[in-house]
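What follows is the residue order along each chain.
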Amino acid sequence: MWKNRNVWILLTGEFIAGLGLWFGIIGNLEFMQDMLPSDFLKSLLLAGGLLAGIAVGPYAGRLTDHSSKKRVMLIAGFVRAVSVIFMLIAIATKSIWWMAIFLVLLQISAAFYFPALQAALPMVVSDKELLRLNGVHMNVSTLSRIIGTGLAGLLLVIMPLSMLYVSSLVAYIGLFILTWFLDIDESKGIQQVKKSTLEKTSFKDVFPIITNLPIVYMTLIMTLVPVLFLGGFNLMVINISEIQDSSAIKGWIYTAEGISFMIGAFFIKQISDRITPYFILFACSFLIGLSEVMLYLANLPVVTIAAFVLFGFSVGCFFPTTATIFQTMVPKDFHGRFFSFRNMLDRISFQIVLLISGFLLDLIGLQLMCVLFGSLSLIMTAIFYLRHHHIQPPTRTIKQEK
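Residues numbered from 1 in each chain as written. Predicted model: local features only at pLDDT ≥ 70, side-chain atom pairs only at ≥ 80, totals over all residues. Heavy atoms only, no water.

Topic: the overall build of the protein
Logical step 1: Regarding its fold elements, the protein presents 17 helices and 0 strands.
Logical step 2: Across the protein, every contact between residues at least 6 apart in sequence was considered, and the portion connecting residues at least 24 apart equals 86%.
Logical step 3: Here the protein displays about 17200 Å² of accessible surface, and carbon together with sulfur accounts for 70% of that area. (Helix = DSSP H or I, 4+ residues; strand = E, 2+ residues; numbered from the N terminus. Contact = heavy atoms within 4.5 Å. Areas by Shrake-Rupley, 256 points an atom, 1.4 Å probe, with all protein chains shown as cover.)

As C-alpha cells, this is what we get:
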C-alpha cells in the first residue's frame, strides 16, 4: 500500500484540505460569535448549507457512479476554492448573507467530493488493505484537525480573520493541484455511459442493495449514534469554554479528542481480525453514549477532557469499521449512489441534531442537554443490540462478498 503513488496523493491531499477546512471552521465560529448571539441562530445558519448539500445528493450519487471519480473531485475542489471568496466578502461587509452563500457552495462541493473520494479508495488498494487505508486516512484527517485548530487559534491572535480564510483558500488550491496527479484505473469500478443512460439510472436502485445486506442496513442505523454528539460538537465546545471561563479549553478539547481518535483508528486494525464488526459497533456506541453523560460535569476540566478522550477513541474505532463495511459489502457499481445516500443521511441527521442542539442549549443548557443525548444514545444502543445481535455478519473479518 505504501508503494502506491495514489495513496500518497490522497493522504497528502487530505492533510492539506483538512488544514483549510479547520481554518475555515474556526473562522466561522469566530465570525458567528461576533455576529450572532443566539446558539439557535448559529445552528440555523449552519443548517442552511447542509440543506443545499442534501438537495443535490441524489444527482451527485448518480454522476459519481457513471463518471470519472477524479473529474468529480476536481470540479468539487474548484467550487470549494471559489466558495472562500464569498466568505472574504462576508468579512469585508460584515454580512451574514454572504456567509450563507459561502456555506451553501461549500456543502454542495462536499456533496460531490466525499462520495467520489469514498468510491475512489477501493480502486487504489485491494480489499484486504481497505481497513488499514481507512484508518490511516482518518488519522491523517484527525492530525490535520489537531494542527489546523491549534494553528488557526494562533493565527487569529497575530493576523486578521480574513487572512485565516486566505490560508484556507491556499490549502484548497493545493488539494486541487494534487488531485490532477491521481492516476486511477476506473474501468472495473464504473460503467462509462451516455447521458441518456445516466438519466434512466435511478437513485432509488441503491435501496434494495441496502435492505438485502443486513450488516450494511444495521451499520447505517448505528451511524446515527455518533451524530447525536457530533451534530452540536462545535456549539458544545463554545459553551464549555463559557462555563469554565477559559478560551484555552477549546484547544485542549480538540487536541485530546483528536489524539484519542488516532489511537482508536490504530487500535481497531489490531483487533478487527478477532472481533466481529457488530460487536465493535455496539461497544463503541455504548462508549459514545457514556462520554455524553459524563459532560454533565462539564464544569470540571478533567472530566471534560476525559469525556472527549473516550468519545475520540470510540469514534476512532467506529468510523474505520463502518467505512470498510460499506466499501467491501456494497457492490462497486453502486458506490457513488450509496455513498451519496449515506452522505445525505448524515447531513439530514446532522442538520436535525444541530438545530435541536442550538435550541436546547438556549433552553436547558449544555449539561442537561448532554445527559438527554447520552441517555438517548444508550437507549438506542440497547434497543439495536436486543433486536439485531443475533444477526451474524457474513464472516468474522470484513471481506468482500463473492
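Some details on the nonpolar core
Logical step 1: Ranked by size, the top nonpolar core spans 87 residues in total, and within it Met 99, Val 216 and Phe 338 carry the most contacts.
Logical step 2: Ranked by size, the runner-up nonpolar core spans 25 residues in total, among them Phe 112, Ala 116, Val 125 and Leu 133. (Core = buried A, V, L, I, M, F, W, Y, C linked by side-chain atoms within 4.5 Å. Buried < 20%, exposed > 50% of the residue type's maximum accessible area, 1.4 Å probe, protein only.)

Focus on the layout of surface pockets
Logical step 1: Of the voids in this model, the largest pocket is the one considered here, and its volume is about 330 Å³.
Logical step 2: The leading source of residues in the lining of the largest pocket is helix α6 (residues 130-158), at 5 residues.
Logical step 3: Looking at the lining of the largest pocket residue by residue, the classes come out as 7 nonpolar, 7 polar and 2 charged. (1 Å grid on protein atoms, 1.4 Å probe; cavity = no way out; pocket = protein on both sides within 12 Å on 5 of 7 lines; lining within 4 Å. Points joined across faces, edges and corners; volume = space filled by probe spheres on them. Nonpolar A, V, L, I, M, F, W, Y, C, P; charged D, E, K, R; others polar.)

A word on the packing of aromatic side chains
We describe a pair of aromatic rings using the distance from one ring centre to the other and the angle between the two ring planes.
Logical step 1: On inspection of all chains with the given rule, the structure shows 12 aromatic pairs.
Logical step 2: Consider the rings of Phe 233 and Phe 311, whose centres lie 6.3 Å apart with planes at 35°: the pair is tilted. With Phe 233 in helix α12 (residues 233-243) and Phe 311 in helix α15 (residues 301-329), this pair connects stretches of sequence that are 78 residues apart. Both residues of the pair, Phe 233 and Phe 311, belong to the buried class. (Phe/Tyr/Trp six-rings, centres within 6.5 Å; stacked < 30°, edge-to-face > 60°.)

Quick look at empty space enclosed by the protein
Logical step 1: Taken as a whole, this structure holds 2 cavities of 30 Å³ or more when the rule is applied.
Logical step 2: Considering only enclosed or pocket space, the second largest cavity measures out at about 60 Å³ in volume.
Logical step 3: Lining the second largest cavity, in full, are Ile 9, Leu 10, Gly 13, Glu 14, Met 73, Tyr 113, Leu 117, His 137, Leu 175, Leu 178, Thr 179 and Leu 182.
Logical step 4: Secondary structure elements with two or more residues in the lining of the second largest cavity: α1 (5-35), α5 (96-124) and α7 (161-180).

Re the packing of helix α10 (residues 214-222) against helix α14 (residues 277-294)
Between two packed helices, the angle of one axis relative to the other and the distance separating the axes together describe the packing.
Logical step 1: As a packed pair, α10 and α14 sit with axes 11 Å apart at the nearest point and diverge in direction by 10°. Between α10 and α14, the interaxial angle falls into the category roughly parallel. On the side of α10, the interface is formed by Pro 214, Ile 215, Met 218, Thr 219 and Met 222, while α14 contributes Pro 277, Tyr 278, Leu 281, Phe 282 and Ser 285.
Logical step 2: Here the residues of the contact of α10 with α14 sort into 8 nonpolar, 2 polar and no charged. (Axes fitted to C-alpha atoms, helices over the stretch in contact; angles between N-to-C directions. Parallel < 35°, antiparallel > 145°, perpendicular 65-115°, else oblique.)

Structural notes on a nonpolar patch on the surface
Logical step 1: Taken together, Phe 40, Leu 41, Leu 44, Tyr 296, Leu 297, Leu 300, Phe 359, Leu 363, Ile 364, Leu 368 and Leu 372 make up a surface patch of nonpolar side chains, about 970 Å² in accessible area.
Logical step 2: The element that contributes the greatest number of residues to the nonpolar patch is helix α2 (residues 39-55), accounting for 3 residues.
Logical step 3: Note that Ile 364 resides in the loop between α16 (335-363) and α17 (366-388). (Patch = residues over 30% accessible without salt bridge, like charges linked within 9 Å, V, L, I, M, F, W, Y side chains within 5 Å. Salt bridge = Lys/Arg side-chain N within 4 Å of Asp/Glu carboxyl O.)

Thoughts on the side chain of Ser 377
Logical step 1: Within the secondary structure, Ser 377 is located in helix α17.
Logical step 2: Leaving out residues up to four positions away in the same chain, Ser 377 has contacts with Val 225, Leu 228, Gly 289 and Glu 292.

Comments concerning the environment of Ile 325
Logical step 1: Residue placement: Ile 325 occurs in helix α15.
Logical step 2: Relative accessible area serves as the criterion here: at 0%, Ile 325 is assigned to the buried category.

Overview of the environment of Ile 147
Logical step 1: When you line up the elements, Ile 147 lands in helix α6.
Logical step 2: In this structure, Ile 147 is in contact with Phe 15 and Leu 19, ignoring residues within four places of it in sequence.

With respect to helix α3 (residues 57-66)
Logical step 1: By the criterion of burial, α3 is predominantly enclosed, with 8 of the 10 residues buried.
Logical step 2: For α3, the full list of buried residues reads Gly 57, Ala 60, Gly 61, Arg 62, Leu 63, Thr 64, Asp 65 and His 66.

Observations concerning the side chain of Arg 80
Logical step 1: By secondary structure assignment, the location of Arg 80 is in helix α4 (residues 69-93).
Logical step 2: We classify Arg 80 as buried; its relative accessible area is 9%.
Logical step 3: Sequence-distant contacts of Arg 80, defined by excluding residues within four places in its chain, comprise Leu 106, Ser 109, Tyr 113, Phe 114, Tyr 172 and Leu 175.

Remarks on the packing of α12 against helix α13 (residues 248-271)
Logical step 1: At their nearest, the axes of α12 and α13 sit 9 Å apart, and the two run at 135° to each other. In terms of their interaxial angle, α12 and α13 are classed as oblique. Between α12 and α13 lies a crossing of right-handed hand. Taken together, the residues of α13 that come into contact with α12 (itself represented by Phe 233, Asn 234, Val 237, Ile 240 and Ser 241) are Ile 249, Lys 250, Ile 253, Tyr 254 and Glu 257.
Logical step 2: When the residues that make up the contact of α12 with α13 are grouped by side-chain class, the tally is 6 nonpolar, 2 polar and 2 charged. (Left-handed = near helix turned anticlockwise from the far one by under 90°.)

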